[in-house]
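Overview (structure and organization)
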Amino acid sequence: MSNPQQRGLKRGLAIVAALVVIGLGAFAAYNWLAPSKDEGGSGQVAIGGAFELVDHNGRAVTDKDFAGRLMLIYFGFTHCPDICPTGLQTIAMAMDELGSAADKVTPILITVDPERDTPAVMKEYVEAFHERLVGLTGTPEQIAKAARAYRVYYQKVALKDSSLGYSVDHSGFIYLMDGQGRYLSHFRHDATPEQIAQRIKSKL
Ligand code: NI
């Protein structure tokens, strides 16, 4: 038995607990979707890490295969209607903007749709954007691990009235990593090629 005062207290505690849960959830979502920039300072931002994937020529690769050059990494998929093509076009233009310095950068598309994006599909797609663009796919588990390392959100979404069957929602940041695969910076998908090229040059 509880008197009205105790019931009121219980309700108050329940509301406080709910608000704390909502607050923590929002904070976690913010950190997940909006990694902070690492502008100087000694603290390493926990974005990036080891990956084992398959390139667009069907060759098994790891992050170590890209060591020694900066990596410009974008997660997307070949059936993406507009955001990915725009982001990849921007990356391609940034590479051209860099001129000879582009040799020191590897632009990479990692698919979030490994079921449809086989190496052959990736090859045709990346070659349409830039001769240097590398397409990476893998097993769903390999992709999930790489996406987790880069804090990339992706989620399959069923499309009712489309022959495509499904789409994949995903976050659209472009990550700039150093020659050892450590995080340097990131860009929104709507950054300009000039902005990206400029920041790359400042890190070379
Ligand atoms: Ni996309």
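Below you will find a few notes about this structure.

The rules we used
Residues numbered from 1 in each chain as written. Predicted model: local features only at pLDDT ≥ 70, side-chain atom pairs only at ≥ 80, totals over all residues. Heavy atoms only, no water. Helix = DSSP H or I, 4+ residues; strand = E, 2+ residues; numbered from the N terminus. Buried < 20%, exposed > 50% of the residue type's maximum accessible area, 1.4 Å probe, protein only. Contact = heavy atoms within 4.5 Å. Areas by Shrake-Rupley, 256 points an atom, 1.4 Å probe, with all protein chains shown as cover. Core = buried A, V, L, I, M, F, W, Y, C linked by side-chain atoms within 4.5 Å. Donors = N, O, S within 2.8 Å, 3.2 Å for Na, K, Ca; no water. Salt bridge = Lys/Arg side-chain N within 4 Å of Asp/Glu carboxyl O. Patch = residues over 30% accessible without salt bridge, like charges linked within 9 Å, V, L, I, M, F, W, Y side chains within 5 Å. Lys, Arg positive; Asp, Glu negative; His and termini not counted. Charge placed at Lys NZ, Arg CZ, Asp CG, Glu CD. Pairing = 2+ DSSP bridges. Axes fitted to C-alpha atoms, helices over the stretch in contact; angles between N-to-C directions.

**Regarding the overall build of the chain**
The helix and strand inventory of the chain stands at five helices and nine strands. For the chain, the succession of helices and strands along the chain, N to C, is α-β-β-β-α-β-α-β-α-β-β-β-β-α. Here the chain, with 204 residues, has 42% of them falling under the buried criterion. The long-range fraction of contacts in the chain, counting pairs at least 24 apart against all pairs at least 6 apart in sequence, stands at 69%. Total accessible area on the chain stands at roughly 11400 Å², and carbon and sulfur atoms take up 57% of it.

**Considering the nonpolar core**
With 53 residues, the main nonpolar core has Leu72, Ile73, Phe75, Leu136, Tyr150 and Tyr175 as its most contacted residues. Setting aside anything within four residues of it in sequence, one finds Tyr150 in contact with Ile47, Gly48, Gly49, Phe51, Met71, Ile73, Phe75, Tyr175 and Met177.

**Focus: the coordination of the nickel ion**
Note on the nickel ion: its protein donors are Cys80 (SG), Cys84 (SG) and His170 (NE2). The metal-donor distances range over 2.1 to 2.2 Å. Positions of the donor residues of the nickel ion, expressed as sequence spacing, correspond to C-x3-C-x85-H. Relative accessible area serves as the criterion here: at 0%, Cys84 is assigned to the buried category.

**Concerning the pattern of salt bridges**
Pairing is possible between side chains of opposite charge, provided their charged atoms come close. As enumerated under the stated definition, the model contains seven salt bridges in all. Of the charged contacts, one joins Asp55 and Arg59 as a salt bridge, the two residues approaching to 3.3 Å between their closest N and O atoms. Arg59 sits in the partly exposed class, given a relative accessible area of 49%. Measuring nitrogen to oxygen at the nearest pair gives 3.0 Å for the salt bridge that ties Asp190 to Arg188.

**Regarding a negative patch on the surface**
Where like charges cluster on the molecular surface, the negative patch consists of Asp96, Glu97, Glu131 and Glu194. Relative to the elements of secondary structure, Glu131 occurs in the loop between helix H3 (119-129) and strand E5 (134-137). The exposure class assigned to Glu131 is exposed, which follows from its relative accessible area of 74%.

**Describing the sheet that holds strand E1 (residues 52-55)**
Reading across the sheet, the seven strands line up as E2-E1-E5-E4-E3-E8-E9 and stay open at both edges, with mixed pairing between neighbours. Two strands in the sheet have a free side with no partner beyond their single neighbour: strand E2 (60-62) and strand E9 (183-187). Taking the axes of each pair of neighbouring strands and ignoring which way they run, one obtains an average angle of 35° across the sheet. Examined bridge by bridge, E1 and E5 share two bridges and lie antiparallel to one another. In the strand pairing of E5, Val54 is matched with Thr137. Here helix H2 (residues 83-98) sits on the sheet and contacts strand E3 (70-76), strand E4 (105-111) and strand E8 (174-177); the angle it forms with E3, its principal contact strand, is near 165°.

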